[in-house]
There are 4 protein chains.
Amino acid sequence: MSDTMEKLVHAFERFPGVGPRQAQRFVYHLLATSASHRATLAHLINDLARDVHQCPTCFRFWSGKGAHCFSCADRTRDTALLMVVEKDQDLEAIEKTQTYRGHYFVLGGVLTLAGKGAIREQELLRSVDTRRKEGLKEIILALSATSEGEHTADRLREVLKPYRDHIRITTLGRGLSTGTELEYSDAETLSAALINRKES
Amino acid sequence: MSDTMEKLVHAFERFPGVGPRQAQRFVYHLLATSASHRATLAHLINDLARDVHQCPTCFRFWSGKGAHCFSCADRTRDTALLMVVEKDQDLEAIEKTQTYRGHYFVLGGVLTLAGKGAIREQELLRSVDTRRKEGLKEIILALSATSEGEHTADRLREVLKPYRDHIRITTLGRGLSTGTELEYSDAETLSAALINRKES
Amino acid sequence: MSDTMEKLVHAFERFPGVGPRQAQRFVYHLLATSASHRATLAHLINDLARDVHQCPTCFRFWSGKGAHCFSCADRTRDTALLMVVEKDQDLEAIEKTQTYRGHYFVLGGVLTLAGKGAIREQELLRSVDTRRKEGLKEIILALSATSEGEHTADRLREVLKPYRDHIRITTLGRGLSTGTELEYSDAETLSAALINRKES
Amino acid sequence: MSDTMEKLVHAFERFPGVGPRQAQRFVYHLLATSASHRATLAHLINDLARDVHQCPTCFRFWSGKGAHCFSCADRTRDTALLMVVEKDQDLEAIEKTQTYRGHYFVLGGVLTLAGKGAIREQELLRSVDTRRKEGLKEIILALSATSEGEHTADRLREVLKPYRDHIRITTLGRGLSTGTELEYSDAETLSAALINRKES
């Protein structure tokens, strides 16, 4: 392998979920494609930052003109609601439900039980301060139902304590996810599903 | 292989989740154990029916004296609640939550979208008729969040329509199961999780 | 669960590859079948030893009359060849190839690197002593290409050293197994495949 | 998502083994890294072709000066041997064994049973013509032990028929790959392992 190939293999190894063998296949895939295809890919990677910005209010990545992302700039959105998510993909999953019309804040990560991980804590507090003046009534901690998600929610509840007199802190409801079978469910999921049962 | 071995392989192949190869391994495992071990196993299988009965009211398998299973016979249980489950293992998963104190009914299966599967429909209706006189107020359709579970719930709702004036029909709440990540969740799960969100 | 059910769950948990949950499903499966089906299964398990014996020469399980299993009793088999296998299933896999016409010896296990596992070492030596008088020329150590298989072969080579002047000790050929892809193969497999290459 | 992001997601989806969800994660990963990191990656992709060439003789990718890749240019290599492989990664796997000192030819693919796939057939014939004058005695068809690999070898044998009077055509030896267990092996693998057995 050439130096360039090896450097490229190492660069691809840092991609999420990519091991050394797949990184190597990526490089051979690129070698087998046309020069114009490679040039296009290089351009897209280079232009990514020119075209995509991080919103200074909610920290999601977005593209377009104006100082804020389209949801932060959207005046029809409910200023009483702020949903805190781990990452952009989670925000997009929520948008697809078409049932949420409030604002967002992207934490940029979760805290692990081992004390690792970084989240935008100060930025969240500033955002809450600003949004409070605009009528914020509820902060929804929309984190995954994993130990890391719960650990992060615990930390956020602590940090947000000073606001609890005026703002409700909520978390997503627990219950049966699509595909969940009773036999393989834990007591926490089943208890929540029982309590949240609905007339049907 | 001997005739007995082949017959035994075929018998084990009918066990849930067991293929031909594993069935064969079971037989060699039995051959490698002692004669007394095999005799004990044969006894347990033979005695199963002597020791375990199906409750005539809820259709769960149980052992002990008396005409009914211990939960049907338990006078402290809430007669206003009847939970309909697919199978014994689901009932046991619910019992482990220690949050449900009503009665049960075991359907014995689910209906598939292809129109297959058998459930104890007539037996359920008889059970509801009887329990109505004892104060039944709610039937909880506690089926898995799978297409078959939902299809079965649909059928039960139809069959139970005549009772809806006096009895609520409910289903388990949807939301995030333990381990669920937002990014990989479908819109139905996320919408339910959003609607069922809780102060925390 | 009743006592009988719990005992049966524990018995099934000792079956190869069966966990607690599947063991439980087995018991509910048996409860859901007919009493006559259970009686048949119990009979088969009980009769297993009456019907199936362990050959005193090669230690395979077999059924039928006579003092030896059909391959040990088969006079048309090549007495110059003795194949040593770990277990009955391996022997059956070899028989299916229809390319081997010699005799067998079933070790009954492999030795682990951690020094665990038991094999029929003394019985093998006795068998070799007997077969030597009948013209044994080669012992094929037909063990799996795993670290345990190789460790067991190493031990057997040591134990069989006194016979090496008159008897060849061989091991199965290495190379590409059906389905093997070059890219994912280790150097040992590829080297052997290269050395064993064939005109085609 | 912006246009650039969506185009980049589509570009990554064409990478081997990458689905839409992982392609999206790649893009967010790039957004989260620094601009200089992205610029480096874009450079490496752009420079790939400048730095890496395809050898006109064996069609492997290589870097360096001179008209041919280092193995084609290596005068100490055995000109009597030519190994035909599917792709560069297979060639590298063979090199790692350090047991092969002949020349190579990279087919650039395999033929599927459905009649799809393209291989460098004409280029191979030209290469064989040239190498024949340099003393070529054996062509090793080093393809995977899969149905596609065998189908491709069949085609190559047909195409190479005119040379068979002077050149041996061989294929890699079959047998137990590292990790193969007897119980789970097919008859073809076991027969070959038996035939290729070795004194040990």
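These numbers come from a predicted model, not from an experiment.

How do you make sense of the relation of the copies chain C and chain B when you look at a structure like this?
The operation relating the two chain copies consists of a rotation about an axis and a shift along that axis. Superposing chain C onto chain B takes a rotation of 180 degrees plus a shift of 0.0 Å along the axis, which leaves an RMSD of 0.0 Å. Both chain copies can therefore be described as sitting about a two-fold axis. Minimal C-alpha distance to the rotation axis in chain C is attained by Ala42 of chain C, lying at 2.1 Å. Both copies present the same face, since 100% of the interface residues in chain C are matched by interface residues at the equivalent positions in chain B.

Help me understand the pairing of strand 4 (residues 102-106) of chain A in this model?
A regular strand carries its side chains on alternate faces of the sheet. Summarising burial for strand 4 of chain A: four of the five residues are buried, a large majority. Between strand 3 (residues 78-85) of chain A and its parallel partner strand 4 of chain A, the chain crosses via helix 5 (residues 88-97) of chain A, and the hand of that crossover is right-handed.

Please clarify how the interface of chain B and chain A should be interpreted in this entry.
Size of an interface, as often reported, equals the accessible area lost when the parts are brought together. Across the contact, 47 residues belong to chain B and 47 residues belong to chain A. Secondary structure elements with two or more residues in the side of chain B that touches chain A: helix 5 (88-97), strand 6 (168-171), helix 8 (187-195) and strand 7 (198-199) of chain B. Broken down by element, the side of chain B that touches chain A gets its largest block of residues, nine residues, from helix 8 of chain B. Of the residues that constitute the side of chain B that touches chain A, the class distribution is 17 nonpolar, 18 polar and 12 charged. As paired strands, strand 7 (residues 198-199) of chain A and strand 6 of chain B are joined by two bridges and run antiparallel to one another.

Hey, could you run me through the interface of chain C and chain B in this one?
In this complex, chain C contributes 35 residues to the contact, which on the side of chain B involves 35 residues. Those elements giving two or more residues to the side of chain C that touches chain B turn out to be helix 1 (3-13), helix 2 (20-32), helix 3 (35-51) and helix 5 (88-97) of chain C. With 12 residues, the top contributor of residues to the side of chain C that touches chain B is helix 3 of chain C. Here the residues of the side of chain C that touches chain B sort into 19 nonpolar, nine polar and seven charged.

Would you take a moment to explain the domain arrangement of chain A for this structure?
Along its sequence, chain A is organised into domain 1 (3-51) and domain 2 (77-195). Between the C-alpha centres of domain 1 of chain A and domain 2 of chain A the distance comes to 35 Å.

Help me understand the sheet that holds strand 3 (residues 78-85) of chain D in this model?
Hydrogen bonding along the main chain pairs the strands of a sheet, whether they run parallel or antiparallel. Strand order across the open sheet formed by five strands is 7(C)-6(D)-5(D)-3(D)-4(D), with mixed pairing between neighbours. Of all the strands in the sheet, just strand 7 (198-199) of chain C together with strand 4 (102-106) of chain D have a single pairing partner and so form its edges.

So what exactly am I meant to see when it comes to the packing of helix 1 (residues 3-13) of chain D against helix 2 (residues 20-32) of chain D here?
Describing two packed helices takes the angle between their axes plus the distance from one axis to the other. Residue and element names in this part refer to chain D. Where helix 1 meets helix 2, the axes come as close as 8 Å, and the angle between the chain directions of the two elements is 125 degrees. Judged by the angle between their axes, helix 1 and helix 2 are oblique. Every pair of crossing elements has a handedness; the one defined by helix 1 and helix 2 is right-handed. Residue-level contacts link Met5, Leu8, Val9, Phe12 and Glu13 of helix 1 to Pro20, Ala23, Gln24, Phe26 and Val27 of helix 2. Class assignment for the residues of the contact of helix 1 with helix 2 results in eight nonpolar, one polar and one charged.

Just to check I follow, could you spell out the sheet that holds strand 5 (residues 138-141) of chain B for this structure?
Taken in spatial order, the five strands line up as 7(A)-6(B)-5(B)-3(B)-4(B) in an open sheet, and their pairing is mixed. Only two strands of the sheet have a single partner each, and these edge strands are strand 7 of chain A together with strand 4 (102-106) of chain B. When strand 3 (residues 78-85) of chain B meets strand 5 of chain B, the two strands line up parallel, connected through four bridges. Bridging from a neighbouring strand, Leu81 of chain B pairs with Glu138 of chain B of strand 5 of chain B. Across the sheet, helix 5 of chain B touches strand 3 and strand 4 of chain B, and the angle it forms with strand 3 of chain B is around 130 degrees.

Reading the values: the criteria
- Residues numbered from 1 in each chain as written.
- Chains lettered and ligands numbered in written order.
- Predicted model: local features only at pLDDT ≥ 70, side-chain atom pairs only at ≥ 80, totals over all residues.
- Least-squares fit on C-alpha atoms with pLDDT ≥ 70 in both.
- Contact = placed C-beta atoms within 7 Å.
- Buried ≥ 20, exposed ≤ 12 C-beta atoms within 10 Å, placed from the backbone.
- Helix = DSSP H or I, 4+ residues; strand = E, 2+ residues; numbered from the N terminus.
- Right-handed = clockwise from strand over helix to strand, strands pointing away.
- Nonpolar A, V, L, I, M, F, W, Y, C, P; charged D, E, K, R; others polar.
- Pairing = 2+ DSSP bridges.
- Domains from an automatic or database assignment.
- Axes fitted to C-alpha atoms, helices over the stretch in contact; angles between N-to-C directions.
- Parallel < 35°, antiparallel > 145°, perpendicular 65-115°, else oblique.
- Left-handed = near helix turned anticlockwise from the far one by under 90°.

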